Amino acid sequence: MSHRGARDDDSCGKRRVAYVHSPEYIECCDSLSKVPNRASMVHSLIEAYGLLEHVSTIKPQVATIEDMAKFHTDSYLEHLHKISQDGDNDDPQSVDYGLGYDCPVSEGIYDYAAAVGGATLTAAQCLVDQKCEVAINWAGGWHHAKKDEASGFCYVNDAVLGILKLREKYERVLYVDVDLHHGDGVEDAFSFTSKVMTVSLHKFSPGFFPGTGDVCDTGLGKGRWYAVNVPLEDGIKDDRYYQIFTRVMQEVRAQFNPEALVMQLGADTMAGDPMCSFNMTPVGVGQCLQHVLEWQLPTLLLGGGGYNLANTARCWTYLTAAVLGKTLASEIPDHEFFTEYGPDYSLEISPSCRPDRNETKHLDQVISTIKGNLKNVV
């Protein structure tokens, strides 16, 4: 084991990994009111474990209004720009654009959106240019934003922008979303096309945001059968989640045969998250990630939710190491945010003592329905 706490596991060899980062980008993302300083915590832990030595660090470009208009409407972007300049929360038009309640307006929110959108576009461009096999933007993954409205803390749908960039080179792109919440914005964006398949595993329960993503939601028109939803109940743990994930993904790969992959890895599924829903650890999510990395496709990895900030940093650091084929020491290395990891100062996350509300019979039925639906993919 190296002195920094990372050692090699040769199974993933010398994968070329691009990591999108700059101090300015981190500072901009730290300002997001829902996850203050999260970007710094994630980056600092990845750095403390010595993982930056094994990636190519790429400085992100800032997205132009034209870049973001590949998906978002001009009127939405212009409004976001206008209110962002003075942090105006009282503009009567804002409510039409989803701005206010769960997407508060603050000064510089447009710059934040342009930074996140640009970072994911930078990562996707690295894949298009074949400069790497895997590109990572942990501060991205804001999957709820619609073309003309903000939603669920998401002001720009960087995942959609990244997929559109990959589509310039790759005929069929697969989007896989393992955030606690349904990836509704991405599914909606591509619901009418057969060129992008969206797969979302998420909590589906009355009153739980965003309320969409039942197993019968399968896409529309030419895109019918190209949206796959795996609705889950509270309390699911690593083993069962991985089992479901692999059963669905084997079928998805066989039927859709993607040429590139975007994976959103929101960490609000972790035990200890304030959402208090799933009961996962980074090990389970890491197994799911390894499953798709074995396909050896150009792969874009994005963050997403994750409201226990220390656990989110633990999770994404563990996943970064998994991509690089590194095993990390259990002890959190000394670094700027060390005190946030008490009382155990350990990388591991332990599952809580909560029941798994998912019944085997029901899950088997869900998977059987999905397999039947996927038989319609041509």
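For clarity, every value in this text was computed on a predicted model and none was experimentally measured.

Notes on the overall build of the protein
Right, so step 1: Looking only at helices and strands, the protein features eleven helices and ten strands.
Right, so step 2: Computed over the C-alpha atoms, the radius of gyration of the protein is 19 Å, within 12% of the 21 Å expected from 2.2 N^0.38 for a compact globule of 378 residues.
Right, so step 3: When its C-alpha atoms are laid out on the principal axes, the protein stretches across 55 × 50 × 40 Å.
Right, so step 4: The burial tally for the protein puts 59% of its 378 residues in the buried class.
Right, so step 5: As displayed, the protein has an accessible area near 15,400 Å², and 48% of this comes from carbon and sulfur atoms.
Right, so step 6: Counting 32 positive and 52 negative side-chain charges, the protein places the averaged centre of each group 9 Å from the other.

Digging into the pattern of salt bridges
Right, so step 1: This structure, assessed with the given rule, holds twelve salt bridges.
Right, so step 2: A salt bridge links Glu168 to Lys165, with the shortest nitrogen-to-oxygen separation between them at 3.4 Å.
Right, so step 3: The class for Lys165 is buried, based on a relative accessible area of 16%.
Right, so step 4: For Arg247, the salt bridge goes to Asp364, with nearest N and O atoms at 3.2 Å. Here the residue Arg247 occupies a position in helix H8 (residues 238-256), and Asp364 occupies one in helix H11 (residues 360-374), the gap between them amounting to 117 residues.
Right, so step 5: Exposure remark for Arg247: the relative accessible area of 29% places this residue in the partly exposed category.
Right, so step 6: Judged by relative accessible area, which is 34%, Asp364 ranks as partly exposed.

Conventions adopted
Residues numbered from 1 in each chain as written. Predicted model: local features only at pLDDT ≥ 70, side-chain atom pairs only at ≥ 80, totals over all residues. Heavy atoms only, no water. Helix = DSSP H or I, 4+ residues; strand = E, 2+ residues; numbered from the N terminus. Rg over C-alpha atoms; globule rule 2.2 N^0.38 Å. Buried < 20%, exposed > 50% of the residue type's maximum accessible area, 1.4 Å probe, protein only. Areas by Shrake-Rupley, 256 points an atom, 1.4 Å probe, with all protein chains shown as cover. Lys, Arg positive; Asp, Glu negative; His and termini not counted. Charge placed at Lys NZ, Arg CZ, Asp CG, Glu CD. Salt bridge = Lys/Arg side-chain N within 4 Å of Asp/Glu carboxyl O.

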